[in-house]
Amino acid sequence: MKRMLTGLQPTGVITLGNYIGAIKEMAKRQDEYESFIFVADLHAITVPNMDLNLKEKTRSLIALYLACGIDPNKNTIFVQSENEYHTNLSWFLECNSYFGELSRMHQFKEKSKKNENFTAGLFTYPVLMAADILLYDTDVVPVGIDQKQHVELARDIAIRFNNKYGETFVVPEPVMSGAGAKIMDLIDPTKKMSKSSENQNGVIRLLDDLDVIRKKIMRATTDSEMNIKYDPENKPGISNLITIYASILNKTVEEVEKEFIDSNYGTFKKAVADTVVQEVSRIQDKYNEYINSDLIDKILEEGKKKSRIFAKAKYEAVKNKVGFY
Ligand code: TYM
């Protein structure tokens, strides 16, 4: 069986973009693959943030995974920092990565602009991500489009290492959810919906109050036309709402256009709001069931054991290939 893996950072604010771009894709494919999903807490300390509260946010993210349909019987669910082979392998991969290629990563360029005192960890972030992926012989990595370049770097590193030391790593593929690979901000639909956005009215968080979610959608920026047509360049706001509606209901963009051919923006926005609220409400109900249950501790204990078995074997193989004692 082929393997699938993805991770999210435990930032406390999981957005509709994270859900559609990554978690929903994992849930959709979990029967086809042997699956690993983890909390990328080591990546969360690459940027300055005094309010990390990682323990609580990690628990919350696990409860959200479960609430979004990630089945603990079909996935190995674990916390990255609980498995030291990730950072161990990362060193080997750093020694097979180039300063130039890491300097060209879009995310690094963007984030390093925000704070001139950026850390070395922010620079090597994509190499740790490559270690996360390559440790498990991962075939496919469901991610949003913003992470595609990082998965491609993992591919390049895997190929380079295999050429130098002999077949060691499976070369992974990024998989993306079509239009849903980039959910845009509701206020400025030319920008990605992002946890760190300054105006939170453009961002739907999975744990937002349902009335707030409805208002955010009803106030989403559109255009002065009347037709519900997918045209991201000229109609980014409406196109984004079409993507959200289509992704949640597993419909195609064409089906949505057809469904609303005679509707106005008000009717369409209401339908999108109803759909999102219904989906998020279902997720929140399940989240509340899981968040205080000891199921989370059991899952993480199991996930820690299982992920370490896979990771240790790969790490030992890498050490051998490089020729260490
Ligand atoms: P994070 O937590 O920033 O993002 C988690 C996932 O959500 C996707 N995403 C989006 N998808 C669609 N529309 C959006 N507006 C949107 N915003 C975010 C991201 O592309 C990502 O898939 N570096 C990763 C965490 C990570 C990882 C890994 C992922 C660490 N190691 C190994 C896969 C494999 C990240 O950015 O997380």
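The structure we're discussing is the one just above.
Here the residue numbers are simple positions, counted from 1 along each chain's written sequence. The model is predicted, so local features are restricted to residues of pLDDT at least 70 and side-chain atom pairs to those at 80 or more, both for listing and for counting; the totals for chains, interfaces and linings are taken over all residues. Water and hydrogen atoms were dropped before computing side-chain values, which therefore reflect all heavy atoms in the structure.

Draft legend 1. Looking closely at unusual backbone geometry. Backbone geometry at Asp137 places phi at a positive 50°, although glycine is not the residue there. Segments assigned H or I by DSSP are reported as helices when at least four residues long, segments assigned E as strands when at least two residues long, and all are numbered from the N terminus. With respect to the secondary-structure elements, Asp137 resides in the loop between α6 (120–134) and β4 (140–142). If you check the backbone angles, Asn250 has positive phi at about 55° while not being a glycine. Its location among the elements puts Asn250 in the loop between α9 (236–249) and α10 (253–259).

Draft legend 2. The arrangement of the environment of Val276 in detail. Counting through the fold element by element, Val276 comes out in helix α11 (residues 265–290). With 32 residues separating them along the chain, Val276 and Ile244 place their C-alpha atoms 8.1 Å apart. Every residue pair with non-hydrogen atoms within 4.5 Å of one another is taken to be in contact. What Val276 contacts, discounting residues up to four positions off in sequence, is Leu16, Ile204, Ile213, Ile217, Ile244 and Ile248.

Draft legend 3. Spotlight on the pairing of strand β1 (residues 3–8). Counted residue by residue, β1 has 5 buried out of 6 residues, so it is predominantly covered. A pair of strands is treated as paired once DSSP finds two or more bridges between them. Sheet analysis places β1 next to strand β2 (residues 34–39), joined by 6 bridges and oriented parallel. When the sheet's bridge partners are listed, Arg3 is paired in β2 with Glu34. For the crossover that starts at β1, traverses helix α1 (residues 16–29) and ends in the parallel β2, the hand is right-handed. Burial classes: relative accessible area under 20% of the type maximum marks a residue as buried, over 50% as exposed, and values in between as partly exposed (1.4 Å probe, protein chains only). Every crossover in which the path from the first strand over the helix to the second runs clockwise, viewed with the strands pointing away from the viewer, is termed right-handed.

Draft legend 4. Examining the pairing of β2 more closely. Burial runs high along β2: 5 of the 6 residues are buried. In the sheet, β2 pairs with strand β3 (residues 75–79) via 5 bridges, with the strands oriented parallel. The residue bridging Phe38 from the neighbouring strand is Phe78, located in β3.

Draft legend 5. Fine view of the packing of aromatic side chains. Two rings from Phe, Tyr or Trp (for Trp, the six-membered ring) form a pair when their centres sit within 6.5 Å of each other. Planes less than 30 degrees apart are called stacked, planes more than 60 degrees apart edge-to-face, and all others tilted. Under the defined criterion, the tally for this structure stands at 15 aromatic pairs. Judged by centre distance (5.6 Å) and plane angle (45°), the ring pair of Tyr85 and Tyr315 falls under tilted. Taken together, the residues span a long stretch of sequence, with Tyr85 in helix α3 (residues 85–94) and Tyr315 in helix α12 (residues 295–322) at a distance of 230 residues. We note that Tyr85, like Tyr315, is buried. Members of the aromatic cluster, joined through ring pairs, are Phe36, Phe38, Phe78, Tyr136 and Phe310.

Draft legend 6. Spatial organisation of the site of the ligand. Around the ligand, the surrounding shell holds 28 residues, and the nearest of these are Tyr125, Asp132, Asp146, Ile183 and Lys195. Polar contacts, as used here, are pairs of N or O atoms within 3.5 Å; protein pairs need one atom able to donate a hydrogen and one able to accept it. Residues neighboring in sequence count only if both atoms are side-chain atoms. Separating an oxygen atom of the ligand from a side-chain N or O atom of Asn18 is a distance of 3.0 Å. Here an oxygen atom of the ligand and a backbone polar atom of Gly144 are 2.8 Å apart. Note that accessible areas follow from Shrake-Rupley with a 1.4 Å probe, and for residues the cover is restricted to the protein chains shown. For the ligand, the protein covers 97% of the area, taking 710 Å² as the surface of the free molecule. Elements that contribute at least two residues to the shell around the ligand include exactly β1, α1 and α6. Polar here means any residue outside two lists: the nonpolar Ala, Val, Leu, Ile, Met, Phe, Trp, Tyr, Cys and Pro, and the charged Asp, Glu, Lys and Arg; Gly therefore counts as polar. Here the shell around the ligand is built from residues that sort into 13 nonpolar, 10 polar and 5 charged. Residues are labelled near a given molecule or strand when at least one of their non-hydrogen atoms is within 4 Å of it.

Draft legend 7. Focus on empty space enclosed by the protein. For each structure, a 1 Å grid was placed over the protein atoms alone; sets of points admitting a 1.4 Å probe that cannot get out are labelled cavities, open sets with protein on both sides within 12 Å along at least five of seven lines are labelled pockets, and lining residues have an atom within 4 Å of a point. Grid points are joined across faces, edges and corners, and a volume is the space filled by probe spheres set on the points. Taken as a whole, this structure holds 1 cavity of 30 Å³ or more when the rule is applied. What the largest cavity holds in volume is close to 40 Å³. Around the largest cavity, the lining residues are Pro10, Thr11, Gly12, Val13, Ile14, Lys57, Ser60, Leu61, Leu64 and Leu207. Residues belonging to the lining of the largest cavity are distributed by class as follows: 6 nonpolar, 3 polar and 1 charged.

Draft legend 8. Structural view of the side chain of Ser307. As for its position among the elements, Ser307 is in helix α12. Ignoring sequence-local partners within four residues, the contact set of Ser307 consists of Thr76, Phe78, Asn83 and Tyr136.

Draft legend 9. Inspection of helix α5 (residues 106–114) at higher detail. When we look at burial in α5, the residues that qualify are Gln107, Phe108 and Ser112. Seen from one end, α5 has its buried residues packed into an arc of 115°, which puts them on one side. In α5, those exposed residues whose orientation departs by more than 90 degrees from the buried face are His106, Lys113 and Lys114. The directions considered for the arc are those from the helix axis to the C-beta atoms.

Draft legend 10. Focus on the packing of helix α2 (residues 54–67) against α11. Each axis is a line fitted through C-alpha atoms, taken for helices only over the stretch in contact, and angles between the N-to-C directions span 0 to 180 degrees. Axis separation between α2 and α11 bottoms out at 8 Å; the angle between their running directions is 130°. It follows from the interaxial angle that α2 and α11 lie oblique. Regarding α2 and α11, the two cross each other, and that crossing is right-handed. When α2 is examined against α11, the residues Ser60, Ala63, Leu64, Leu66 and Ala67 are found in contact with a partner set consisting of Ile283, Lys286, Tyr287 and Tyr290. Looking at the contact of α2 with α11, its residues break down into 7 nonpolar, 1 polar and 1 charged. Throughout this description, any angle smaller than 35 degrees is read as roughly parallel, any larger than 145 degrees as roughly antiparallel, any in the 65 to 115 degree range as roughly perpendicular, and the remainder as oblique. Rotating anticlockwise by less than a right angle from the far helix to the near helix defines a left-handed crossing, while the corresponding clockwise rotation defines a right-handed one.

Draft legend 11. Just the pattern of salt bridges, in detail. For this analysis, a salt bridge means a side-chain nitrogen from Lys or Arg found within 4 Å of a carboxyl oxygen belonging to Asp or Glu. On inspection of all chains with the given rule, the structure shows 23 salt bridges. Connected via shared salt-bridge partners are Glu25, Lys28 and Arg29.

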